[in-house]
Amino acid sequence: MMFTLITGASMGIGEALAHEFADKGHNLVLVARSGDKLRALAKEIRQKRRVEVEICVEDLSEAESPTRVYEFCRRHNATVGVLVNCAGLSHAGDFDLIPFDKLEEIMMVNMMAMTRLTRLFLSDMIDMKHGVIINVASLGGLQGIPGLGLYSATKSFVMTLSEALYMELKGKGVKVIAVCPGFIATSFFERAGHNAANIRLPISGTDVVVKAVFKGLKKNRIWVFPTLIDTVLAFSQRAVSRKIVIRVASFFAAVKDGL
Ligand SMILES: NC(=O)c1ccc[n+]([C@@H]2O[C@H](COP(=O)([O-])OP(=O)(O)OC[C@H]3O[C@@H](n4cnc5c(N)ncnc54)[C@H](OP(=O)(O)O)[C@@H]3O)[C@@H](O)[C@H]2O)c1
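Residues numbered from 1 in each chain as written. Predicted model: local features only at pLDDT ≥ 70, side-chain atom pairs only at ≥ 80, totals over all residues. Heavy atoms only, no water.

Q: Describe the pattern of salt bridges, naming the residues involved and giving the relevant values.
A: For the structure on display, the rule yields seven salt bridges. A salt bridge links Glu-105 to Arg-33, with the nearest nitrogen and oxygen atoms 3.7 Å apart. In this pair, Glu-105 sits in helix α4 (residues 100-128) while Arg-33 sits in the loop between β2 (27-32) and α2 (35-48), placing the two residues 72 residues apart along the sequence. Each member of the salt-bridge network shares a partner with another, and the members are Arg-33, Lys-102 and Glu-105. (Salt bridge = Lys/Arg side-chain N within 4 Å of Asp/Glu carboxyl O. Helix = DSSP H or I, 4+ residues; strand = E, 2+ residues; numbered from the N terminus.)

Q: An account of the layout of surface pockets is needed here, citing residue identities and associated values.
A: In this structure, the second largest pocket occupies an estimated 290 Å³ of space. As for the second largest pocket, its lining consists of 13 residues, and the residues nearest its centre are Arg-221, Trp-223, Val-224, Phe-225 and Thr-231. For the lining of the second largest pocket, the elements supplying multiple residues, two or more each, are α7 (206-218), β7 (223-224) and α8 (228-236). For the lining of the second largest pocket, the leading source of residues is α7, giving four residues. Within the lining of the second largest pocket, the residues separate by chemical class into six nonpolar, two polar and five charged. (1 Å grid on protein atoms, 1.4 Å probe; cavity = no way out; pocket = protein on both sides within 12 Å on 5 of 7 lines; lining within 4 Å. Points joined across faces, edges and corners; volume = space filled by probe spheres on them. Nonpolar A, V, L, I, M, F, W, Y, C, P; charged D, E, K, R; others polar.)

Q: How would you sum up the packing of helix α1 (residues 12-23) against α7? Please name residues and give values.
A: Put simply, α1 and α7 touch, their axes get as near as 9 Å, and they point 55° apart. One element, α1, and the other, α7, form an angle in the oblique class. Pair α1 / α7 crosses with right-handed handedness. Touching Gly-12, Ile-13, Ala-16, Leu-17, Glu-20 and Phe-21 of α1 are Thr-206, Val-209, Val-210, Val-213 and Phe-214, all from α7. Its residues assigned to classes, the contact of α1 with α7 shows eight nonpolar, two polar and one charged. (Axes fitted to C-alpha atoms, helices over the stretch in contact; angles between N-to-C directions. Parallel < 35°, antiparallel > 145°, perpendicular 65-115°, else oblique. Left-handed = near helix turned anticlockwise from the far one by under 90°. Contact = heavy atoms within 4.5 Å.)

Q: For a nonpolar patch on the surface, give the residues involved together with the corresponding values.
A: There is a patch of nonpolar side chains on the surface, built from Val-240, Ile-244 and Val-248 and spanning about 210 Å² of accessible area. With respect to the helices and strands, the residue Val-248 is situated in helix α9 (residues 242-253). Val-248 gets classed as partly exposed once you look at its relative accessible area, which sits at 33%. (Patch = residues over 30% accessible without salt bridge, like charges linked within 9 Å, V, L, I, M, F, W, Y side chains within 5 Å. Areas by Shrake-Rupley, 256 points an atom, 1.4 Å probe, with all protein chains shown as cover. Buried < 20%, exposed > 50% of the residue type's maximum accessible area, 1.4 Å probe, protein only.)

Q: With reference to specific residues and values, describe the packing of aromatic side chains.
A: Within this structure, the stated rule accounts for eight aromatic pairs. Between the aromatic rings of Phe-183 and Phe-189, the centroid separation amounts to 6.0 Å while the plane-to-plane angle is 40°, which identifies the pairing as tilted. Phe-189 carries the same exposure label as Phe-183, and that label is buried. Consider the rings of Phe-225 and Phe-235, whose centres lie 6.0 Å apart with planes at 80°: the pair is edge-to-face. Here Phe-235 lies in helix α8 and Phe-225 lies in the loop between β7 and α8, a separation of 10 residues in the sequence. Ring pairs connect the aromatic residues Tyr-151, Phe-183, Phe-188 and Phe-189, which therefore count as one cluster. Taking NZ or CZ as reference, Lys-24 lies 4.8 Å from the ring centre of Phe-214, over its face. (Phe/Tyr/Trp six-rings, centres within 6.5 Å; stacked < 30°, edge-to-face > 60°. Lys NZ or Arg CZ within 6 Å of the ring centre and 35° of its normal.)

Q: Lay out the pairing of strand β1 (residues 2-7) in plain terms, naming residues and giving numbers.
A: Of all six residues in β1, five are buried, a share of seventy percent or more. Across five bridges, β1 lies against β2 in parallel orientation. When the bridges of β2 are listed, Leu-5 appears paired with Val-29. (Pairing = 2+ DSSP bridges.)

Encoded structure:
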C-alpha cells in the first residue's frame, strides 16, 4: 500500500502537512520523538479520514534512525511514494557558545537524517518510476545569518542537494522540491532560544507553507518561497552585495535582543 512519510510530524509544519495529505486521501507514516503527540494526531486523522496512519517514534539525531524508519516501513508494507523531510531544529546564539551536543544534533537531524532517508527511499521510488521528495529548507538557507550560522548552513545544504536531485531525477518519475519558508508560527523559535517577538517580518501560519508545497509541486518548481515577502527577499539578493544580504537577514531575524 502507498504511504506518505512525514518526519517532524508531531507539531508545526509537519503536523499541518500531515492533515493536508490525509485530506487528500494519503495513508501516512508519521515520524518524530514525541510518541504521545503522534498518537493523538493519528487518532484525530483516523477519525476524520479513511486513511491508514502508522506511527514511527524515532530520534533522527541517531545515525541509524533513518535505517530503522526504512525497516519500519518494510515491516508495515508501507511503500513510500511521498517522502517529506520536515524534522528540523535550530539554536540561536553565537557559534562559539553552541554546546557540542547541540551542534551534532542540528547537523544530524537537518542534514544527515534528511540525506539518509532520501537515499534509502529514493532507490525504491526510481524502481517504481514514481515518487515525490519534499525537503523543508528555509529562507535562512540563502545566506549565513549571524547567530544562526549553523542552521543557515544546514538549510543551504538541503537546498543545494535538492536542486541537484531535481535535475538528476528528471525523466525518472521522481520529483524533488525544496520549500523555503521565512518565519512561520510554530514552537520552532522557542525551542531554538530565538525570541520570536523580536523578528522584524510578519510571521505566517503553517497553512501558508502547506499551500505553497502543493502549488510548487503542481508547477514543478525546484525551490518554493511561500509568501510574497519571501520571494522578494530571495530574488532581491541577486542585485546587492553579500554583505548587505547578510546584514538585512540579520536585521530581520533579530536573533539577539536589542539588535
Ligand atoms: N518555523 C519557521 O519559521 C521555519 C522557517 C523555515 C523553515 N522551517 C523548517 O520547518 C521544519 C519544521 O519546523 P517547525 O517550524 O514545524 O518547528 P517545530 O514546531 O519545532 O517542529 C519540529 C519538528 O521536528 C521534529 N524533530 C526535531 N528534532 C527531532 C529529532 N531529533 N528526531 C525526530 N524528530 C525531530 C519535532 O518532533 P519531536 O520534537 O517530537 O521529535 C517536530 O515534529 C524544520 O525543518 C525547520 O527548519 C521552519
